[in-house]
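# Structural description and commentary
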Amino acid sequence: KRVLATGRYESVTVTAWSTFASTCMMGIFALAMSASDTLTEFFCSDCYNGVWYIPSSAIPALIFFIVMTSCAAFGMITWANRYASSTLVIGYSVIQPMASAILIMLLIIMGVEMNCAEAENGERCLVEPDKYTAIGALGVMIGLVVIIRTEPKDVNATFQNKESCNDKQQVE
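Residues numbered from 1 in each chain as written. Predicted model: local features only at pLDDT ≥ 70, side-chain atom pairs only at ≥ 80, totals over all residues. Heavy atoms only, no water.

## Observations concerning the side chain of Thr40
Among the secondary structure elements, Thr40 is positioned in helix H3 (residues 37-43). Polar side-chain contacts of Thr40 include one of 2.9 Å to the backbone oxygen of Ser36. Discounting residues that sit within four places of it in the chain, Thr40 has contacts with Met33, Ser34, Ser45 and Val51. (Helix = DSSP H or I, 4+ residues; strand = E, 2+ residues; numbered from the N terminus. Polar contact = N/O pair within 3.5 Å; in protein donor to acceptor, adjacent residues only side chain to side chain. Contact = heavy atoms within 4.5 Å.)

Laid out in C-alpha coordinates, this is it:
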(Lines give C-alpha, C1' and ligand atoms only; values in the text may rest on other atoms or scores of the structure.)
Protein backbone atom coordinates (compact mmCIF):
# COMPACT_ATOMS: atom_id res chain seq x y z
CA LYS A 1 0.00 0.00 0.00
CA ARG A 2 2.90 2.39 0.66
CA VAL A 3 4.21 1.75 -2.84
CA LEU A 4 0.76 2.51 -4.26
CA ALA A 5 0.49 5.64 -2.13
CA THR A 6 3.53 7.13 -3.87
CA GLY A 7 1.60 7.13 -7.14
CA ARG A 8 4.58 5.77 -9.07
CA TYR A 9 3.05 2.34 -9.69
CA GLU A 10 -0.43 1.05 -10.48
CA SER A 11 -1.96 -1.71 -8.37
CA VAL A 12 -1.63 -4.23 -11.20
CA THR A 13 2.15 -3.59 -11.31
CA VAL A 14 2.53 -4.11 -7.57
CA THR A 15 0.46 -7.30 -7.73
CA ALA A 16 2.47 -8.59 -10.70
CA TRP A 17 5.79 -8.01 -8.93
CA SER A 18 4.59 -9.68 -5.72
CA THR A 19 3.25 -12.63 -7.72
CA PHE A 20 6.56 -12.91 -9.59
CA ALA A 21 8.49 -12.88 -6.29
CA SER A 22 6.28 -15.59 -4.79
CA THR A 23 6.62 -17.67 -7.99
CA CYS A 24 10.40 -17.49 -7.71
CA MET A 25 10.29 -18.55 -4.05
CA MET A 26 7.94 -21.44 -4.83
CA GLY A 27 10.20 -22.54 -7.70
CA ILE A 28 13.25 -22.57 -5.43
CA PHE A 29 11.36 -24.58 -2.81
CA ALA A 30 10.05 -27.05 -5.42
CA LEU A 31 13.54 -27.63 -6.81
CA ALA A 32 15.03 -28.05 -3.32
CA MET A 33 12.26 -30.45 -2.36
CA SER A 34 12.61 -32.59 -5.46
CA ALA A 35 16.40 -32.74 -5.03
CA SER A 36 16.20 -33.94 -1.42
CA ASP A 37 14.79 -37.36 -0.56
CA THR A 38 14.49 -36.30 3.09
CA LEU A 39 12.36 -33.25 2.26
CA THR A 40 10.27 -35.24 -0.19
CA GLU A 41 9.58 -37.90 2.43
CA PHE A 42 8.75 -35.26 5.05
CA PHE A 43 6.34 -33.22 2.89
CA CYS A 44 4.94 -35.98 0.69
CA SER A 45 5.15 -39.35 2.40
CA ASP A 46 2.64 -40.86 -0.04
CA CYS A 47 4.45 -39.81 -3.25
CA TYR A 48 5.19 -43.39 -4.31
CA ASN A 49 5.46 -42.57 -8.03
CA GLY A 50 7.74 -39.59 -7.51
CA VAL A 51 7.21 -36.06 -6.35
CA TRP A 52 6.26 -34.78 -9.84
CA TYR A 53 3.80 -37.57 -10.70
CA ILE A 54 0.26 -36.36 -11.48
CA PRO A 55 -2.47 -38.92 -12.18
CA SER A 56 -4.07 -38.32 -15.58
CA SER A 57 -7.50 -38.05 -13.94
CA ALA A 58 -6.26 -35.05 -11.93
CA ILE A 59 -5.02 -33.01 -14.92
CA PRO A 60 -8.38 -31.32 -15.80
CA ALA A 61 -8.93 -30.31 -12.17
CA LEU A 62 -5.36 -29.08 -11.92
CA ILE A 63 -5.72 -26.97 -15.08
CA PHE A 64 -8.98 -25.49 -13.78
CA PHE A 65 -7.41 -24.77 -10.39
CA ILE A 66 -4.29 -23.15 -11.86
CA VAL A 67 -6.08 -21.03 -14.46
CA MET A 68 -9.30 -20.06 -12.70
CA THR A 69 -8.11 -19.59 -9.13
CA SER A 70 -4.92 -17.86 -10.22
CA CYS A 71 -6.84 -15.45 -12.43
CA ALA A 72 -9.50 -14.86 -9.81
CA ALA A 73 -6.94 -14.37 -7.03
CA PHE A 74 -4.83 -12.04 -9.17
CA GLY A 75 -7.89 -9.96 -10.03
CA MET A 76 -9.11 -9.77 -6.45
CA ILE A 77 -5.70 -8.87 -5.04
CA THR A 78 -5.25 -6.20 -7.73
CA TRP A 79 -8.64 -4.72 -6.86
CA ALA A 80 -7.94 -4.97 -3.12
CA ASN A 81 -4.55 -3.28 -3.48
CA ARG A 82 -6.31 -0.33 -5.06
CA TYR A 83 -9.46 -0.02 -2.98
CA ALA A 84 -9.14 -1.91 0.32
CA SER A 85 -7.00 -1.25 3.36
CA SER A 86 -3.73 -3.12 3.88
CA THR A 87 -5.14 -5.18 6.73
CA LEU A 88 -7.95 -6.51 4.56
CA VAL A 89 -5.60 -7.26 1.66
CA ILE A 90 -3.39 -9.44 3.86
CA GLY A 91 -6.50 -11.16 5.24
CA TYR A 92 -6.95 -12.97 1.91
CA SER A 93 -3.81 -15.04 2.46
CA VAL A 94 -5.16 -16.52 5.69
CA ILE A 95 -8.74 -16.96 4.53
CA GLN A 96 -7.93 -18.98 1.40
CA PRO A 97 -6.60 -22.18 3.09
CA MET A 98 -9.45 -22.17 5.59
CA ALA A 99 -11.98 -21.77 2.80
CA SER A 100 -10.40 -24.75 1.02
CA ALA A 101 -10.73 -26.93 4.13
CA ILE A 102 -14.37 -25.89 4.57
CA LEU A 103 -15.08 -26.65 0.89
CA ILE A 104 -13.54 -30.14 1.26
CA MET A 105 -15.70 -30.82 4.33
CA LEU A 106 -18.83 -29.65 2.48
CA LEU A 107 -18.06 -31.86 -0.53
CA ILE A 108 -17.65 -34.88 1.77
CA ILE A 109 -20.72 -34.11 3.91
CA MET A 110 -22.97 -33.53 0.87
CA GLY A 111 -21.77 -36.80 -0.68
CA VAL A 112 -20.28 -35.17 -3.77
CA GLU A 113 -16.89 -36.72 -2.99
CA MET A 114 -15.94 -39.73 -0.89
CA ASN A 115 -13.83 -39.53 2.25
CA CYS A 116 -10.49 -41.31 1.66
CA ALA A 117 -10.92 -43.15 4.97
CA GLU A 118 -13.95 -44.91 3.46
CA ALA A 119 -12.69 -45.30 -0.11
CA GLU A 120 -11.29 -48.50 -1.53
CA ASN A 121 -8.00 -48.63 -3.42
CA GLY A 122 -8.10 -46.63 -6.62
CA GLU A 123 -11.35 -44.80 -5.85
CA ARG A 124 -11.38 -41.03 -6.16
CA CYS A 125 -11.58 -39.39 -2.74
CA LEU A 126 -10.78 -36.35 -0.61
CA VAL A 127 -8.75 -36.42 2.58
CA GLU A 128 -10.93 -35.07 5.36
CA PRO A 129 -9.28 -32.26 7.35
CA ASP A 130 -8.01 -33.52 10.71
CA LYS A 131 -7.79 -32.01 14.20
CA TYR A 132 -4.67 -30.06 13.24
CA THR A 133 -6.65 -28.35 10.49
CA ALA A 134 -9.27 -27.39 13.08
CA ILE A 135 -6.55 -25.99 15.36
CA GLY A 136 -5.14 -24.03 12.41
CA ALA A 137 -8.62 -22.73 11.56
CA LEU A 138 -8.97 -21.51 15.14
CA GLY A 139 -5.71 -19.60 14.73
CA VAL A 140 -6.97 -18.15 11.46
CA MET A 141 -10.21 -17.03 13.10
CA ILE A 142 -8.29 -15.33 15.91
CA GLY A 143 -6.12 -13.61 13.31
CA LEU A 144 -9.19 -12.44 11.39
CA VAL A 145 -10.68 -10.99 14.57
CA VAL A 146 -7.45 -9.07 15.12
CA ILE A 147 -7.51 -7.84 11.49
CA ILE A 148 -11.11 -6.70 11.77
CA ARG A 149 -10.50 -5.00 15.11
CA THR A 150 -7.45 -3.10 13.80
CA GLU A 151 -9.16 -2.08 10.56
CA PRO A 152 -9.36 1.73 10.20
CA LYS A 153 -12.86 3.00 10.89
CA ASP A 154 -13.00 5.23 7.81
CA VAL A 155 -11.07 3.71 4.91
CA ASN A 156 -12.06 6.54 2.55
CA ALA A 157 -10.56 9.14 4.89
CA THR A 158 -7.32 7.14 4.96
CA PHE A 159 -7.13 7.14 1.15
CA GLN A 160 -8.05 10.83 0.94
CA ASN A 161 -5.23 11.64 3.36
CA LYS A 162 -2.80 9.60 1.26
CA GLU A 163 -3.98 11.30 -1.92
CA SER A 164 -3.63 14.77 -0.38
CA CYS A 165 -0.09 13.83 0.75
CA ASN A 166 0.68 12.74 -2.82
CA ASP A 167 -0.69 16.01 -4.18
CA LYS A 168 1.51 17.99 -1.75
CA GLN A 169 4.59 15.98 -2.75
CA GLN A 170 3.90 16.60 -6.44
CA VAL A 171 3.47 20.36 -5.88
CA GLU A 172 6.79 20.58 -4.06
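Resuming the write-up.
## As for a nonpolar patch on the surface
On the surface, a cluster of nonpolar side chains totalling about 820 Å² of accessible area is made up of Ile54, Ile59, Leu62, Ile63, Phe64, Phe65, Ile66, Val67 and Met68. Secondary-structure assignment places Ile59 in helix H4 (residues 59-83). (Patch = residues over 30% accessible without salt bridge, like charges linked within 9 Å, V, L, I, M, F, W, Y side chains within 5 Å. Areas by Shrake-Rupley, 256 points an atom, 1.4 Å probe, with all protein chains shown as cover. Salt bridge = Lys/Arg side-chain N within 4 Å of Asp/Glu carboxyl O.)

## Quick look at helix H2 (residues 11-35)
With 25 residues, H2 extends 36 Å from end C-alpha to end C-alpha; this agrees with the ideal 36 Å at 1.5 Å per step. Regarding H2, the residues found buried are Ser11, Thr15 and Met33. (Expected span 1.5 Å × (residues − 1). Buried < 20%, exposed > 50% of the residue type's maximum accessible area, 1.4 Å probe, protein only.)

## Brief notes about the packing of aromatic side chains
Under the criterion given, the structure shown has two aromatic pairs. Between the aromatic rings of Trp17 and Phe20, the centroid separation amounts to 6.0 Å while the plane-to-plane angle is 90°, which identifies the pairing as edge-to-face. Of this pair, Trp17 and Phe20 both sit in helix H2, three residues apart, which is roughly one turn of that helix. For the ring pair Trp79 and Tyr83, a centre distance of 5.7 Å and an interplane angle of 40° mean the geometry is tilted. Here Trp79 pairs with Tyr83, and both are found in helix H4, just four residues apart, close to one helical turn. (Phe/Tyr/Trp six-rings, centres within 6.5 Å; stacked < 30°, edge-to-face > 60°.)

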